[in-house]
Structures are given as structure tokens and as C-alpha cells.
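Breakdown of the fold
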Amino acid sequence: MVTLAPQSQLRIGDDFGADAREVHLAGQAVFQVTHDARRPFRVHTAGVSTEVLGTRFVVRAYADDPDISVALVDGSVRIRSSADSDQSRALTLRPGQVARAVIGTAPRVDEQTNAAALLAWTEGQLVFKDTPLSQVARELGRWYDVDIRLADASLSERRLTATLGREPVDQVLELVVLSLDLRYERAGREIVLSTR
Amino acid sequence: MRRMPSIRIALIWLIVATPVAAQAENQGSERGPRFLLASSTTAAPVRVDARTLPTLGQRLAVHFVNETVTQALESIAAQTGLRFIFSRDVVTLDRTVTIDAADISLAAVLTELLLDADVDVVFSPAGHAALVPRRKPSVGEVAGRVVDAVTGAAVVNAGVEIIGRDVAATTNAEGTFRLPSVPPDVVQLRITALGFVPFVQSDVVVSTGKPVWVLVELRPEPVRLGGIAVGPSWFAAPREVPTSTQRLNVEEIRRSPGAQEDVVRAISLLPGVAPTAIHRNDLIVRGGAPFENLFIVDGLEVPNINHFAAQGSSGGQASLLNLDFLRSVQFSAGGFGATQGDRVGSVTTLSLREGITDRHAGEVNFAATGFGVMAEGPVGAGSYLVGLRRSYFDLILKASGEPFFLRYWDVNAKVSQRLGQRDELSWTFVGALDDWGFNIETPEDRYDAALMAVNDDQYFSGLTWSHTAQHSRLQLTLGRVAHSFHTFQNDTLGQPLFTNRSTEAENSLRLNFNRVLASGTELELGAAAKHADRLRYDIEIPGSLRTDLEGTARPLDLDSSFTAFRMGWWGEARTQWTTRFSTRLGARADYYAYLDDAVRVAPRLAATLELNGGAALSMSAGRYWQTPSFIWLAGDPSNADNLRPFRVDQIVIGFQKLLREDLKLQLEAYRKRYRAYPTRPWRPQAVLTPGIESVEVDVPFGLEPLTSQGTGSAAGVELFLQKRSSSVPVYGLASISINSTEFSALDGVSRISAYDLPIAANLAVGWRPNALWDLGLRFRAASGLPRTAYINSGPQQGRLDFARYNDDGRMPAFHALDIRVDRRWSFRRVQLTTYLDIQDLYNRDNPIAYVWDQRDRAPRYERAIGFLPSLGVNIEF
């Protein structure tokens, strides 16, 4: 079973199920996979490939975001860089762990982040924990289908902690900019955050 | 002479980009967080408490042991479902806390967690709690010093409060006070101290730019008033200024529509005062000529404080003094005391303020008249204040294609040093360079430029030492006033017709001593010596323009210099006889070495009877002497022998009543009698008056034989209503002045004076709807001044016809409406004030002079600028 996040694409090959279950993801999705040793389940993204050993996990790999995350809820997954076919260098995640990778690098376990945070969207929540504003802007943008820009590149490192739900975008932005000591201007889909 | 040419183009002098307002926000001095509720995205969050927001009242159990605030918040979130939003880069949450409570409200936990974090919590209906940095509110600061008005001694423990706000302070041992964190606004300060009459200082402009410094002079409470309560007043007590005296504060002048931020023009709104013409600031006070007015700047008598000054008189194009430098202005239209002498008409006392002392600050000003920069701050044991301005007149005149331009620079500076508790030294310097130039491109331009013009440069400088003792004060001022004039007129071919190159410089030493006697009587004694060490005159007038009674040419070719020495002594006693009755008795003597050692004595007295209900009756009577101006003495070889000081005896009776504590009504009547007024043997119908536009119509001012044989009289009634800004944010003044003035010159016939002004009315109203806006309106109306006919045929055609001196009807009545809008913008460290000022809103385009047109061979009216909008901006930082 696959739950796709907004603005995400899952491509399933013609030969799916023949001798391996292989899918290609751009975006974010939660997978619940039954173990089948003969037909391994693999999620390919631009940066990493995740091989599933019967489990529930989330993969996040947006085309416009070099950061790729894989969070494991239960079961077990093995992750390797897409550029590296050597299975022995793959990273095996334990439940609750989150692996992060930037395209072209080997994935690493991120001890700071809890897998639940990455799954929050499946319950209608967006969770940030000391998340840089550049990333917050991208995720909020996807969440609300708006285009959020920062007026000043120096703002991109400002960190935000927040748990947001399905409130209207203006209500959320209002609170976010207040906490960040910023202001925002909105014109249709275009939203610009700038210093007060 | 010296007109401002017609400019009919509406000029926008400066375009100001509209800045985004940063509003002053709610004051927060609380240590804990404030709780706010964001109910909509359009309105700002509103403050709530646990009673109105159930979320805050919910109970929880906490057990934090050395946890970070972030961890604690997570735990609260888990218990309450509250979703926190914060940024650790914006609010500081790194401290650790220990709270152990089984049953505690959310409000209490959050308060404990966020104590001193400078954070507010904004709740949303959806259950968010955003930690929002508490914005440092945009605030200004009011600081100042309270001193005894008589002795200048520090008043200790005086209470200073901002009316209507919960902000107050008391003065320290040096008399200084400080009110930090005042939101930007225009406020009133109430100052109270034991043994002093309470006082309200209105119109203190609190800015987020530089701190505002206020010097408050408290009057000692007269001993005999000891028993009765004296309420604070927005106005000086009647016993202090018995008659005809008004004080204006700087804000009242600045916001005066159409005054062009010129202190002298602002004075013309007061009762009994009118400008001779709208383009100039020569003032007619109660029918007197402009040369009868005295201006005192920081204790220094300055004959003319204006750019493009009229030599021997007191007016000009605009004042040299930068309004931002002024602390106070006091104007007396008559009945002034013995301490001020050598002028018979009015006295304007101007004090420059001191610089602020806690930091360096600056200001950039684009005003209606020019742009300026200034700086101030601490230096040594005191402060400095310096400013430089340049006028725009040249650019405007050039843009409008006029054949000439006026350009000036001026500098104002003051340095003050406190030498211990009792002594203070201050130095004031004001200087100006004026340039009257020509842009002549066509013969038409040359024709239009053939009028009298003046290029003058001047400075005045005063060094004052002030020593304060317990009941007395001694002030010594050493000053120098220097003014060089190049007054000239070219003919229509551009050749010089008349030239006057003069330099007048005078040194002065003035000593003044005040003492409060045990009885409560206030005594003031003083002496002054003045030595004009440089009076040089190089003047050429062709005989055709300087004709005597028979029409014979009497050319003047003068190249001479002389010196002049004079002294004055004065004494005055101000006594409170009963709780209601007070007097001011004084006398002065003046000695003029250069007028054949003449000595003149002038007794002066005033009395005030205070009635019930804030009413008072006052009177003053006195004799006033004035020396001839130096240029008159140089104007003909006979003048030094024939001219003597002229005299005015005057009596003023007044009634005033406080209708409210911020609203004063005043009614006054006066009568003046002139003697030994300068007369003109070649023009026996006329007494001496300044103000011709061209040497082709009459002999230039003062450059002819003169005698002291004129007599005259002036009488009038004035009604004046003044409202100060208070909790009722409307302020303004209204005056109606009725005057009749006449003179008899050498022919003995009594004629109306050139400055006879049957009726003049002024209305100026301002409204401050909130801390950001000021709206002002000014309406002026006055009778036209008398005209003198021109000779319309024969060899003297185009010259004034003295057979019909002041007997050719009047100029059209003058009236004009000016409006002004001020907007203050407060930023964190910068204060911006922008304004729009429109002069002559309905374009009345009042005539400024009745002149002879050489081409039409007929008289016509010269007109000034009509409708004239201007924008200005002032930036303080």
C-alpha cells in the first residue's frame, strides 16, 4: 500500500512483480510492503535506492530538493546511493530511524530526527523541528500549492520548530512569520517572506 | 526695495517617497510573556488573559528538572495538544528550568518558562501557540533640566510628568530628569516643585530619532502666594508678563502654515503685528516702522537677524535662525521692561537651545526654504549644536526664468559648558552669506532686474558666562555683531545706478544681575557698553536721484568711516504686594557718545491685579528711546549734528482671562506718542520710512539730510484668543487688531502713517487627531497700507509725489489662506517628519508693492508668489 504526498509521482515499471518489485519515486510517499524474499521491493529515486524487506516506511525525494529522507516505521529497509550498486555498502535502518542523503552522497542516519515527524503529513500534519527556513518554505509551498520565496538569502538558515495542521495558509503563515520575526506579502500563489 | 519676483508656477520642491510606517506598539515592561489571540489574519493579535481564553486556564502536571525550555515545551505540547511554533534563532530558549507542580495552569507554566525571554505567546483558534519576539517598541526619550527662572539654579526634586500618561520622573541634584521609553507623540509636560509655580510645557515632540531635551524655567512662587493653590498653567502668569507679551514655542512656529519655518514670519500672527508685504518679514508692530523692532538672540542685541537684510531696519527675506535650534521665543509688542532698551517698538527675545548630551545625533532637513544638516552631542562638560543650511530660492527663481536669484548659506552653532555647579559658559555663533545674482539673457531680463538689490554677509557671536548663587544670578555677555552690505541698483542697461558698500560692526559687553530679596521682591540690575569699531560707508548716488526740496540735484559720493560708543544702565524691581497685586518698576538710562554725549532716561512701570476666576487686569506705562541707525548718521554730513534719539511714550491697558487652563483670552488697548522722530527736510511731508523698491522713485532709505522733528501717535485695540495643545488636541490663536497711526513731519500737517493698519485679523488653527498627524490652517486678512501717488508728468515723472504722501488711497485689502499637513513617521532609531504646506491656497496673489512702470509710464501693482505648495521632510537620527 502506498500513500502519496502532494506533488509526488510514483512510476511503476511494466515489469513490476516479474522478478523484483521496482518503483520510481519523485516526491514523497509512505509504503507498506509485505516481505517477499524472492521479489524484493525497491524504491528508486534520483539519489537513493531503498530496498525493502517487508515494512512500513516513508521516502521523500522531491525533484526540487536535494535532500532525500527515508524514515522507517517498522520492519527493515536497506538504503544505498543510486550511484553505488554495491549492496555491501548499503545502510540498514532500524524502526524509528531516519536516513538522509544529498544526491550523490551515501545516506547517513540522522539521529536528531524522529521518523514520526516525517510521517506526520499522513495524519494531516506538517512537523518541523529546527528546520531551516529554506526547507520550511519548500514544504509549506507543496503543502498549500503556493510558491514561497525568501526576500533575502540570509533568512534561509533561520530555523523553525512547528507543528502545523490543515489550517488555511494565511493563518499558518501569520503565525510562522510572527515567530520568525518576519513579515509576508502574498499575491495569489506568490508569497514573499522578508524582514520586518 | 528687494521684491520677490512673481512666480506663478506651482512648484513641488521635493518629492518624498512614502515610507512604510512602523507603528509604535504597545508598551511592555512586563517580565513574563503576554498572551495574545490571533483571531483573524487581518487584525493584529489582541491581548487576552486566562479568564477569556480557556486554553490558558487548563490545568496540567509538570515535572521539569533542569530541562531546557524547548524540552519543557515539548512536554507541555504532549499534555495539552497545544502546537508550539518558534524559532530558536529568534527567541532564546536555551536556559534550563526546574518546575515541579502537580496542578498548575498553563498560563502559570508558560509565564515561568518564558520569564525575561522577551517573548509573547500568540494563540490561534486552531490550537497553535507561537512564541513571538516582543518587538522593542519604537520609543523616544524626553530629558531635560529644570531651573529657577530668576537665578538659573537647578531645581532639585521637581516632578516632571507627561500629562495623560503614566510616565513621570523627578529631577536630580543637578536639576536634570530623564523619561525613557516614551512613545513618539507630541506631549505636554507638567512640572511641579515645592516653592515654584507649576508649569505646563506643551508641544514637546517625542521622536524615535534623537532624544528631546527640554529646559524648563520655573518661576518661584511669590512668598505672598504661599497660602493659595496655584494650578499649573499653559501660559505665563499675568504678573510675569503684564502686557502685550506672548510666548511661542518652537513647535507652534514650525507647524504654522505659510510661515516657511521662519520665526519672524510666525510672530506676524500675534496681535498688533503685520508684515509690510507677504514676501518679506519686515514687521509692522502697532503702527511702528520695522526699524523700531529689537531682536535679542541669547542675550545679544542683533540689529537685523535676516537674510537679504534692509540696512538700518529690521526686516529681510528670511530669518538666519534655524528653527530646530530655538528653545523659546518671547515677543513683546509694547510695554516691555527697563532691561530692554534702545528700541521703541517691540522686543523679540530668542533663546537657542543646547545640544543633547547623551549621544551624538543628527538631522537632515528639506524645508520650504532650503535644506539643512545639523549635528549635536556631548563635548567636554557640556554640549555642541551646529547646523548648516542652504536656500533653494536660486533654483526656484532660475527654474521660473526670473532674471535674478537669491541664494544663501547660513550656519548656527552653540557650545555650552558647565563649569561646576554654579557656572556655565556658552557661545553662540550665527553667520550668513547671501548672494543676490542675475541671470540676464535678454534686454527684458535686464529691465526686470533694474531694481534695488542687496548682497549682504553677516555674523553675530556671543559668549555668555553665567554664575548662579542661591538667590541670585550674574550674567556677562561679550558679543560682536558684524554686517556688510552691498546694496545696489543697476539701470536697464545693466550699468550701476546706485551703490552702497557698507560695513557695520559693533562689540558689546552686557552685565546683568538678578537677585531675589528676602521679601520676595525680584531685583534686576544691569549695564551694557557697545563700541561700533567699524562703520565704513562707500556710497554713490547720482544727483538726479537725490534731489532736494527745490528739485536741485544733490549727488552723494561718500567714502567715510567712524566709530560709535554708547552705554546703558538699567534697574527693575518686581514686587508682589498682595496675593493679587504686583508691580514692576524700573528705569534705564542710555548714553550716546556719538550723539554729542546725549543721555536719555526712561522710566517704566507696570502693575497687575489678579481677579477671581483666572482673570487679571494689567497696565504698563513707560518712556522708550531709540538711537538713529548708523546708516542714517552716514547718510548726510549734517545728520550727526541734527539727529538725536527719538522717543515713544506709551501706555497699555489689558485684561486677560483663562477660559480654560489651556485657553486664554486677552484684550488690550494702547496709545503711543512719538517725539523727535526722524524727518526729511527735502520731503517735509514725510517721516523716515524704509522700503522703496527702486532708487528711481525716491532717495534710498536714510541717505539724505535728516532731522529729529517728527511727532506722531498710534492707538489701537487688540483681541487675542490662544489655545494651547492639551488633552484637547486643538490649538491655535485668533487675533483682531485695530490700529490708527499718524505722523506730523516738518510741514506740521498730520497725515496717516505709511504703516497705519486700520484692521488686521489672523486665525491659525491646528488639530492633532493622533500622534501621527497635524493639520493646520491659517487665514490672514488686513487692510491695505496707504499709498503715495507718483508724479505722472514732467521731469520728475515716476518719482513719488510727496504732495500726496500717504494720500492716494490704499493698497487692496490683503487676505490669504494657508494650510499645512504634518505627518510623523517613527522608526526604531529614526524619526521622519514630512509635511505639505500650501501658501495662498485660493491664489489671491496679493500685491506686494505699488510701483512705477517705466514703460507704461503708469503705476502698477507688483505681485509676489501666489499659490505655492511645498513639501518638506525632516529626518532625525
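Please refer to the structure placed before this passage.
Numbers given to residues run from 1 along each chain, matching the order in which its sequence is written. Each chain takes a letter, starting from A, and each ligand takes a number, starting from 1, following the order in which they are written. Totals for whole chains, interfaces and linings use every residue, but because this is a predicted model, local features are given only for residues with pLDDT of at least 70 and side-chain atom pairs only at 80 or more, for both listing and counting. Excluding hydrogens and water, the side-chain figures rest on all heavy atoms present in the structure.

So, the overall build of chain B
Applicable threshold: Under the scheme used here, helices are H or I runs from DSSP no shorter than 4 residues and strands are E runs no shorter than 2 residues, and both carry numbers assigned from the N terminus. As defined in this context, the radius of gyration uses C-alpha atoms, and a globule is described by 2.2 Å times the residue total to the power 0.38. Here's how the labels work: a residue is buried when its accessible area is under 20% of the maximum for its type, exposed when over 50%, partly exposed in between, all with a 1.4 Å probe on protein chains only. A contact between two residues is defined here by any heavy atoms of the two lying within 4.5 Å. A 1.4 Å probe and the Shrake-Rupley method give the accessible areas. Residues count as covered only by the protein chains that appear here. Positive charge is attributed to Lys and Arg, negative charge to Asp and Glu, and no charge count is given to His or to the chain ends. Charge coordinates come from a single atom per side chain, which is NZ of Lys, CZ of Arg, CG of Asp or CD of Glu.
In terms of helices and strands, chain B carries nine helices and 48 strands. For chain B, the C-alpha radius of gyration of 31 Å lies close to 29 Å, the compact-globule estimate for 877 residues. Once the C-alpha set of chain B is aligned to its principal axes, its extents read approximately 115 × 70 × 45 Å. Per-residue burial over chain B gives 60% buried out of 877 residues. For chain B, long-range pairs separated by at least 24 residues make up 66% of all intrachain contacts whose partners lie at least 6 apart in sequence. As displayed, chain B offers around 32,600 Å² of accessible surface, 57% of which is attributable to carbon and sulfur atoms. Positive and negative charge centroids in chain B, built from 89 and 94 side chains respectively, lie 3 Å apart.

A short note on the interface of chain A and chain B
Note the cut-off: When two components associate, each loses some accessible surface as probed by a 1.4 Å sphere; the sum of these losses over both components is called the buried area. When a carboxyl oxygen of Asp or Glu lies within 4 Å of a side-chain nitrogen of Lys or Arg, that pair is called a salt bridge. Think of a polar contact as two N or O atoms within 3.5 Å of one another; within protein, one of them needs to be a possible hydrogen donor and the other a possible acceptor, and neighboring residues in sequence only count if both atoms come from side chains. In this classification, the charged set is Asp, Glu, Lys and Arg, the nonpolar set is Ala, Val, Leu, Ile, Met, Phe, Trp, Tyr, Cys and Pro, and all remaining amino acids, among them Gly, are polar. Strand pairing is assigned whenever DSSP detects at least two bridges linking the two strands.
At the junction of the two partners, chain A supplies 23 residues and chain B supplies 22 residues. Roughly 1,900 Å² is buried in total at the junction of chain A and chain B, and carbon and sulfur atoms are behind 55% of that figure. Together, Arg159, Leu175 and Ser179 of chain A form the three largest contributors to the area buried by chain A at its contact with chain B, with a combined 29%. Our count for the contact surface shared by chain A and chain B stands at four salt bridges. In this structure, Asp89 of chain B and Arg159 of chain A form a salt bridge, with 2.8 Å as the shortest nitrogen-oxygen distance. Where chain A packs against chain B, one counts seven residue pairs in polar contact (both at pLDDT 80 or more). For the side of chain A that touches chain B, the elements supplying multiple residues, two or more each, are strand 10 (126–132), strand 12 (159–164) and helix 3 (169–180) of chain A. At eight residues, helix 3 of chain A tops the list of elements feeding residues into the side of chain A that touches chain B. Here the side of chain A that touches chain B is built from residues that sort into seven nonpolar, six polar and ten charged. Alignment of strand 12 of chain A against strand 4 (residues 83–86) of chain B, held across two bridges, turns out to be antiparallel. Of the residues in strand 4 of chain B, the one forming a bridge with Thr161 of chain A is Phe86 of chain B.

Describing the packing of helix 2 (residues 133–144) of chain A against helix 3 of chain A
Residues and elements named next belong to chain A. What counts, and what does not: Note on geometry: axes are lines fitted to C-alpha atoms, helical ones only across the stretch in contact, with angles between N-to-C directions running from 0 to 180 degrees. Angles below 35 degrees are treated as roughly parallel, those above 145 as roughly antiparallel, those between 65 and 115 as roughly perpendicular, and all remaining angles as oblique.
Helix 3 packs onto helix 2 with a crossing angle of 170° between their chain directions and a minimal axis gap of 12 Å. With respect to their mutual orientation, helix 2 and helix 3 come out roughly antiparallel. For the pair helix 2 and helix 3, contact is made by Leu133, Leu140 and Tyr144 and by Val169, Val172, Leu173 and Leu180, respectively. Partitioned by chemical class, the residues of the contact of helix 2 with helix 3 number seven nonpolar, no polar and no charged.

Quick word on the sheet that holds strand 7 (residues 128–133) of chain B
If you walk across this open sheet you meet the seven strands as 10(A)-12(A)-4(B)-7(B)-6(B)-1(B)-2(B), and the pairing is mixed. Looking at strand neighbours, the two that pair on one side only are strand 10 of chain A together with strand 2 (46–47) of chain B, the edges of this open sheet. With three bridges connecting them, strand 4 of chain B and strand 7 of chain B associate as parallel partners. Its bridge partner lying in strand 7 of chain B, Ile85 of chain B is registered against Ala130 of chain B. On top of the sheet, helix 2 of chain A reaches strand 10 and strand 12 of chain A; it is set at about 155° to strand 10 of chain A, its chief contact. Most of the contacts of helix 3 of chain A go to strand 7 of chain B, to which it runs at about 35°, and overall it touches strand 12 of chain A together with strand 4, strand 6 (119–123) and strand 7 of chain B.

Comments concerning the sheet that holds strand 15 (residues 245–249) of chain B
Residue and element names in this part refer to chain B. With respect to topology, five strands assemble into an open sheet ordered 15-22-23-18-19, the strand pairing being mixed. Each having just a single partner strand, strand 15 and strand 19 (300–302) make up the two edges of the open sheet. Neighbour-to-neighbour, the strand axes of the sheet open up by a mean angle of 20°, direction not taken into account. Of the strand pairs in this sheet, strand 15 and strand 22 (residues 326–332) are connected by five bridges, and their pairing is antiparallel. Its bridge partner being in strand 22, Gln246 is matched across the sheet by Phe331.

Remarks on the packing of aromatic side chains
Residue and element names in this part refer to chain B. For clarity, the threshold we go by: Each aromatic pair joins two rings of Phe, Tyr and Trp (for Trp, the six-membered one) with centres within 6.5 Å, and gets the label stacked for planes under 30 degrees apart, edge-to-face for over 60, and tilted for any other angle. The criterion is that NZ of a Lys, or CZ of an Arg, lies within 6 Å of the ring centre and within 35 degrees of the ring normal, and then a charge sits over that ring.
Applying the stated criterion across every chain yields a total of 27 aromatic pairs over all chains. Their ring planes at 25° and their centres at 6.0 Å tell us that Phe291 and Phe701 sit as a pair that is stacked. With Phe291 in the loop between strand 17 (283–285) and strand 18 (293–297) and Phe701 in the loop between strand 38 (663–679) and strand 39 (707–723), this pair connects stretches of sequence that are 410 residues apart. Judged by relative accessible area, Phe291 falls into the buried class, the value being 1%. With a centroid separation of 5.8 Å and an interplanar angle of 20°, the aromatic rings of Tyr537 and Phe562 are classed as stacked. Of the two residues, Tyr537 sits in strand 32 (residues 522–541) while Phe562 sits in strand 33 (residues 556–576), which places them 25 residues apart along the sequence. Since its relative accessible area comes to 0%, Tyr537 is described here as buried. Across the ring face of Tyr850, the terminal group of Arg787 is positioned such that the distance to the ring centre comes to 4.0 Å. Note that Arg855 overlies the ring of Tyr447, its terminal NZ or CZ placed 3.5 Å from the centroid.

Brief notes about helix 2 of chain A
Residues and elements named next belong to chain A. Basically, it comes down to this: Here the expected length of a helix is defined as 1.5 Å per residue gap, with one fewer gap than residues.
Relative to the 16 Å expected for twelve residues at 1.5 Å per residue, helix 2 spans 16 Å between its end C-alpha atoms, a close match to the ideal helical length. The element helix 2 is extensively covered by neighbouring structure, given that ten of its twelve residues are classed as buried. Within helix 2 the residues assigned to the buried category are Leu133, Gln135, Val136, Ala137, Glu139, Leu140, Gly141, Arg142, Trp143 and Tyr144. Backbone geometry just after helix 2 places Asp145 at a positive phi near 55°.

Side note on the nonpolar core
Soluble globular proteins: nonpolar side chains tend toward being buried together. Basically, it comes down to this: To qualify as a nonpolar core, a set must consist of buried Ala, Val, Leu, Ile, Met, Phe, Trp, Tyr and Cys residues joined through side-chain atoms within 4.5 Å.
Within the largest apolar cluster, 63 residues are counted, with the highest numbers of intra-cluster contacts made by Tyr537, Ile539, Phe630, Trp632 and Tyr677 of chain B. Here Ile539 of chain B is in contact with Phe498, Thr499, Asn500, Leu556, Asp557, Leu558, Ile631 and Leu703 of chain B, once residues within four sequence places are set aside. Within the second largest apolar cluster, 43 residues are counted, among which are Leu126 and Tyr144 of chain A together with Ile85 and Val132 of chain B.

Overview of unusual backbone geometry
Residue and element names in this part refer to chain B. Located in the positive-phi region is Arg286, a residue other than glycine, with phi close to 50°. In this fold, Arg286 is placed in the loop between strand 17 and strand 18. Look at Arg286 and you get buried, because its relative accessible area is 2%.

Section: the pattern of salt bridges
All names here are of chain B. Counted by the stated rule, this structure contains 75 salt bridges over all chains. Between Arg59 and Asp103 there is a salt bridge, and its shortest N-O distance comes to 3.1 Å. Here Arg59, found in strand 3 (residues 59–68), pairs with Asp103, found in strand 5 (residues 96–105); they are 44 residues apart in sequence, far enough to count as distant. Both residues of the pair, Arg59 and Asp103, count as exposed.

Considering the side chain of Arg546 of chain B
All names here are of chain B. Within the secondary structure, Arg546 is located in the loop between strand 32 and strand 33. Within the structure, Arg546 has its side chain in polar contact with the backbone oxygen of Gly635 (distance 3.1 Å). Side-chain polar atoms of Arg546 contact the backbone oxygen of Leu703, separated by 2.8 Å.

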